[in-house]
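# Summary of the model geometry
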Amino acid sequence: MDDLSMAGRSNVRDADRGRVARGDLYLAESKLRAMRDRWPEPRLPEQDLAMASVAADIERLRVIVASLPERPASMPPGVELPHDWQQRRSQCRSCGAPVIWGTYPSGKRAPFDPDGTNHFATCPQRREWRKP
Ligand SMILES: [Zn+2]
C-alpha cells in the first residue's frame, strides 16, 4: 500500500469518527430532553441514575466534538462535512452561490451556505427546483 492511499484511508476514518461523534451527541441530547419531559421532578433514584449516565455521555461526546475541525456557525448538529470542506467549495447550479455539501445522519446529502444554513432554504431560485 502506498502513502497516498494510506492518507486517504486515515481521512475516511477521521470523517467517520466526526460523523459518529456528532450523531451520537445529537441523539444523546435528544434522549436527555425526552427523559426530562417524561420524568418530571421529583424523580425516582433509577431515573436520576439513567439521566446522569446520559449526561455523562453528553460531556464525553462534547469533548470529542470540540476537538474536531471547525465548522460553519449555523451548521445543524449531526450534519457531517468532508474533512477538507474549507477547500472544497462548490457552486449552486441554480444561482451560482458558493455551497458546501454536507451529509445528514440519515445519509442524505444537502448543500449549505458558507454560514451553515441549508441552501435549499435560502436559494433565490429554489422555486424552480424539481425533485429528480
Ligand atoms: Zn442557489
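Here the structure is a predicted model, which is why all the values come from computation and not from measurement. (Residues numbered from 1 in each chain as written. Predicted model: local features only at pLDDT ≥ 70, side-chain atom pairs only at ≥ 80, totals over all residues.)

### Some details on the overall build of the protein
How we decide: Elements are defined by DSSP. Helices are runs of H or I of four residues or more, strands are runs of E of two residues or more, and each kind is numbered from the N terminus. We call two residues in contact whenever the C-beta atoms placed from their backbones are within 7 Å.
Helix and strand counts for the protein stand at three helices and three strands. For the protein, the succession of helices and strands along the chain, N to C, is α-α-β-β-β-α. Here the contacts in the protein between residues at least 6 apart in sequence split such that 55% fall between residues at least 24 apart.

### Things to note about the pairing of strand β2 (residues 98–103)
Selection rule: In this scheme, strands are said to pair when DSSP sees at least two bridges between them.
The pairing of strand β1 (residues 90–91) with β2 spans two bridges and is classified as antiparallel. In the strand pairing of β2, Q91 is matched with P98. Linking β1 to β2, which pair antiparallel, is a turn of six residues; within it G96 sits at a positive phi near 80°. Linking two consecutive strands that pair antiparallel, namely β2 and strand β3 (residues 109–112), is a turn of five residues; a positive phi of about 100° is found at G107 within it.

### A short note on the environment of A110
By secondary structure assignment, the location of A110 is in strand β3. For the pair A110 and V79, spaced 31 residues apart in sequence, the C-alpha to C-alpha distance is 9.3 Å. Dropping the residues within four chain positions of it, A110 is found in contact with G102, Y104, N118 and F120.

### Some remarks on unusual backbone geometry
A cis geometry characterises the amide bond from E41 onward to P42, with omega recorded as 0°. With respect to the secondary-structure elements, P42 resides in the loop between α1 (3–38) and α2 (45–66).

### As for the environment of G107
Along the polypeptide, G107 turns up in the loop between β2 and β3. Separated by 27 residues in the primary sequence, G107 and E80 place their C-alpha atoms 9.4 Å from one another.

### Regarding the environment of P114
Turning to its location among the elements, P114 is positioned in the loop between β3 and α3 (119–122). It is 9.4 Å that separates the C-alpha atoms of P114 and A97, two residues lying 17 residues apart in sequence. When residues no more than four places from it in sequence are discounted, the contact partners of P114 are P72, P98 and I100.

### Here's the deal with the nonpolar core
Stated precisely, the cut-off is as follows: Working definition: the nonpolar core is a set of buried Ala, Val, Leu, Ile, Met, Phe, Trp, Tyr and Cys residues, joined through C-beta atoms within 7 Å. In this scheme every C-beta is placed from the backbone, and a residue whose C-beta has 20 or more other C-beta atoms within 10 Å is buried, one with 12 or fewer is exposed, and one in between is partly exposed.
Within the largest apolar cluster, six residues are counted, these being M75, V79, L81, V99, I100 and F112. Setting aside chain neighbours within four positions, we find L81 in contact with R71, I100 and G102.

### Regarding the sheet that holds β1
Pairing is antiparallel in the open sheet, where three strands are placed in the order β1-β2-β3. Strand pairing shows two members of the sheet lacking a second neighbour, β1 and β3, which therefore form its edges. Looking at chain direction, β2 and β3 are connected through four bridges and run antiparallel. Bridging across to β3, I100 finds its partner in F112.

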